[in-house]
Structure formats: C-alpha cells, structure tokens
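Listed below are the residues making up each chain.
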Amino acid sequence: MIVSTSALLDFLLKTRTHTETICKPLQIEDYVVQPIVDVSPPKWHLGHTTWFFEDFILKKHKSDYKEFDKQFAFVFNSYYESMGARVVRTDRGNLSRPTVKEVYAYRKYVTSALENLLQENDISKELEELIEIGIHHEKQHQELLLTDIKYILGNNPLQPVYSPNFNEYKTISKDAEWLSIEEGVYEIGHNDSGFCYDNELGRHKIFLQEFQILSELVTNADYLQFIEDGGYDQVLLWHSEGWDWVKNNNISAPQYWQKQDGKWFCYHLNGVQKLDLQAPVTHISYYEAFAYAQWKGLRLPSEFEWEIAQSKFDWGQRWEWTESAYLPYPNYTKAPGALGEYNGKFMVSQKTLRGGSIATSENHTRATYRNFFHPQLRWQFTGLRLAR
C-alpha cells in the first residue's frame, strides 16, 4: 500500500525512469527487432507500458487530457480485446514507425500528464490502485524487456554484449540440503495490505503431505551430468509433448549453451563466457525441468509446497518451475472491464512459476507472486528446485 501521493509519484517516476535505463545500452537498430513471436521489440515495450497509463488512467481520470496520437492505441495495445483493435503480435517487429524518437516523446508526454494528475488532484482509492497496477505492469515489462533484449542479442550471429557489467547470477557455493515440511493444513495466498495481483487472492486452506525440498537451485554442474548421461535421448524421462518438443526442435541443452572445441560456453548479457558450473541453471523449459527431476528420481514441488517452504531458503535468482497448473484460487473473481483480461484469461494450458529472477525489478515480487508460462518456453530466467 502506498502511504502518500508523493510516495506514489516517486514510485511512478522511478519506475518510468528505470525502463529507459534498461534501454540505454541499445543501439537504435536494436529497438525494432522481433526474432520470434514471444519476444517483443524494445520499442514496443516502451510504447505499450505508456499506452497502459494513457488508456486505463489518463483518458478516464484527467478531464483535460488530449491523446498523444490516436493511432498509438492500435499500435501498442497488447491483448486487451475489449480495448479495441490492435496490431497482430507477430507484426510488432514490422513497426519501423513510429520512430524510437517519437516513442520516447510519447513516454515523456504521458509521464508529465501523470505527474500533473497526481500533483493537482485529490487521489481516490480507485485511482491510486489503478496507478499502482500500472507501475507493477511496467515492472513486469522491465523483466520482459531485459530478457527480450537478451534473446535479440543472443540470437544475433555476432552475439554482441549488452553490458559488460551485467552479472546474471550469484554462484551457489553451499551444498544443497533437504528441508523438511510437516504434514498439515496451510494457508495459501496474499494476506497483507501490500500490493498483489488478483491471481494471488482467494486466500485459502490446503492440506499438504509431509515433503522435503532442496535448499538450493539445480546448478549448471548438476544439469551437465544430465546431458552427459544422455538425458535428452531417454524417452522415458519425458512427457509425450516434451519429447515431441525436443525432437521437433533439436533440443540438446539449455538455451544459450554452446559447445566450442569440446568445452561448454554460454551467452550472457555481458557476452559469451565459459560455462560457470556453480551458477544456477537457467533458460530451461518446464519439459526440461520435469525430465531432469525424473532423471534424479525426484520431482518438482507444487506451487503450494513452494510457498510454504520458501521462508527456509533464498530465492529470486531464477523463476522456479513448479508442478502446478496455473489455475484460479477458490472464490477468484476477475476485475470488471478490461482489467479483467490481465490474468484470468490466461488460466489454461500453462504452468505456474514461483520466486523471481535476476531480471525482476525491485519491489515487485513476493512469496505469493504467481508467474505463468507455457511449458515449452524458456527465454526467461527459468530454473528449478527439487522436491520429494
């Protein structure tokens, strides 16, 4: 919960500034690239997060507001069907116009209007909540922006460096220990006055069997053993869909791993580096996480086990795959209007991830945060922790 209008404004301005800071190392040519459907061009992220504030807040709550450009709603709407027509997702990389300069002007215009709105008016609770959602929506896109930039540069044949000072991980120096959680009835879901998304609500009780969970993430060294043992060739380790995905896409290692003269290297935002065996493995799909757990004779935790156990271990380096389908909690209700499309419409055919990643912005994740992706996706900083 934001304690004052000035604190809300400060939070907003810092968030808006950070998005542009992420883009500072880019060259102008980088802003429009879209290698695959899941990766959006940096310019589009800059515009979309701005459109969200313009359409959901300024048009409705600032009486004298004049739209920056009527065509921008069509260009920068993402998936909000109820907000009107939009550019097809696969065509975002075709948007050579509006220019990068125009998009930055758009951002400045909307940020200034938001600043005036907060300084010149008494802020209702409804408006405060909308702005807070807008801030966290932009923080979500900051993580997507950074990981999309990595995909864009990492799939460039030259594999250029984003920033020589960007460190993607902390090495895991401790041996993993099994942490025990007793059988019992536990409460799941958000339960304080701080910000959360609607998919964290519907706090409810759940019964858990006694289980154990590892104190550390699976490392590159651990995962390399799986590869060297022929894990990608052992059909019995894989879900049927996962096996099809492996074979149809010639998958044989995590994304960004590459073998040169018999040695493993990995592309990072600070360039191609020798594979650090003590780093947590990342850029793996749910299919790979599941197969690795099968190979170990173990399993992935459910999202409920993860939430109950998380106070016992450090987390936040990698989004952690769980065995849970992304589904609504009991008594979940979608927000009215277009905001109801934010989370609820995606509660099908996806897996839940917990924690956060090295790319997650400050003051954004929490123990009850639920991320979600289709099981084949791995361009985000995804990893795994084992349970039994």
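Definitions and cut-offs
- Residues numbered from 1 in each chain as written.
- Predicted model: local features only at pLDDT ≥ 70, side-chain atom pairs only at ≥ 80, totals over all residues.
- Heavy atoms only, no water.
- Domains from an automatic or database assignment.
- Contact = heavy atoms within 4.5 Å.
- Buried area = accessible area lost by both parts, 1.4 Å probe.
- Salt bridge = Lys/Arg side-chain N within 4 Å of Asp/Glu carboxyl O.
- Polar contact = N/O pair within 3.5 Å; in protein donor to acceptor, adjacent residues only side chain to side chain.
- Helix = DSSP H or I, 4+ residues; strand = E, 2+ residues; numbered from the N terminus.
- Pairing = 2+ DSSP bridges.
- Axes fitted to C-alpha atoms, helices over the stretch in contact; angles between N-to-C directions.
- Buried < 20%, exposed > 50% of the residue type's maximum accessible area, 1.4 Å probe, protein only.
- Phe/Tyr/Trp six-rings, centres within 6.5 Å; stacked < 30°, edge-to-face > 60°.
- Lys NZ or Arg CZ within 6 Å of the ring centre and 35° of its normal.

Draft legend 1. Region of interest: the domain arrangement of the protein chain. Looking at the protein chain, the domain boundaries give domain 1 (5-155) and domain 2 (178-383). Counting residues at the interface gives 29 residues for domain 1, matched by 27 residues for domain 2. When domain 1 packs against domain 2, close to 2600 Å² is buried across both sides, 61% of that on carbon and sulfur atoms. Inspection of the region where domain 1 meets domain 2 yields zero salt bridges. Scanning the region where domain 1 abuts domain 2 turns up 14 residue pairs in polar contact (both at pLDDT 80 or more). Breaking the side of domain 1 that touches domain 2 down by element, the ones donating at least two residues are α1 (5-23), α2 (42-61) and α5 (125-154). At 17 residues, the largest contribution of residues to the side of domain 1 that touches domain 2 is made by α5.

Draft legend 2. Geometry of the sheet that holds strand β9 (residues 351-355). In spatial order, the strands read β10-β9-β8-β11; together these four strands make up an open sheet with mixed pairing. Among the strands making up the open sheet, the edge pair consists of β10 (371-373) and β11 (382-383). For β9 and β10, the ladder comprises three bridges, and the chain directions are antiparallel. In the sheet register, K351 faces β10, and the bridge partner there is F373. Sitting on the sheet, helix α8 (residues 286-296) is in contact with β8 (319-325) and β9, with an inclination near 85° to β8.

Draft legend 3. View of the pattern of salt bridges. Scanning all chains against the criterion turns up 23 salt bridges. For E67, the salt bridge goes to K59, with nearest N and O atoms at 2.8 Å. Judged by relative accessible area, which is 36%, K59 ranks as partly exposed. In this structure, the salt-bridge partner of E129 is K125, at a minimum N-O distance of 3.4 Å. In this pair, E129 and K125 both sit in helix α5, four residues apart, roughly one turn of the helix. Residue class for E129 comes out partly exposed when judged on its relative accessible area of 40%. By sharing partners, the salt bridges in this structure join R16, E20, R107 and E138 into a single network.

Draft legend 4. Just the sheet that holds strand β7 (residues 271-274), in detail. Sheet architecture is open: three strands sit in the order β5-β6-β7, paired in antiparallel fashion. Across the chains shown, the open sheet's two edge strands, defined by having one partner strand only, are β5 (257-260) and β7. On average, each strand axis in the sheet is inclined to that of its neighbour by 35°, with strand direction left out of account. Bridging between strand β6 (residues 263-268) and β7 involves four bridges; their strand directions are antiparallel. By the bridge assignment, H268 is partnered in β7 with G271.

Draft legend 5. Structural view of the packing of aromatic side chains. On inspection of all chains with the given rule, the structure shows 36 aromatic pairs. Centroid distance Y223 to W257: 6.3 Å. Interplanar angle 80°. Geometry classified as edge-to-face. One end of the pair, Y223, is in helix α6 (residues 220-228); the other, W257, is in strand β5, with 34 residues separating them in the sequence. Relative accessible area serves as the criterion here: at 0%, Y223 is assigned to the buried category. Relative to Y287, the ring of Y286 lies with its centre 6.2 Å away and its plane at 55°, an arrangement referred to as tilted. Y286 sits in the buried class, given a relative accessible area of 3%. Counting every residue linked through ring pairs, the aromatic cluster contains Y223, F226, Y232, W238, W257, W264, Y292 and W295. Its end group placed over the ring of F56, K60 keeps NZ or CZ at 6.0 Å from the ring centre.

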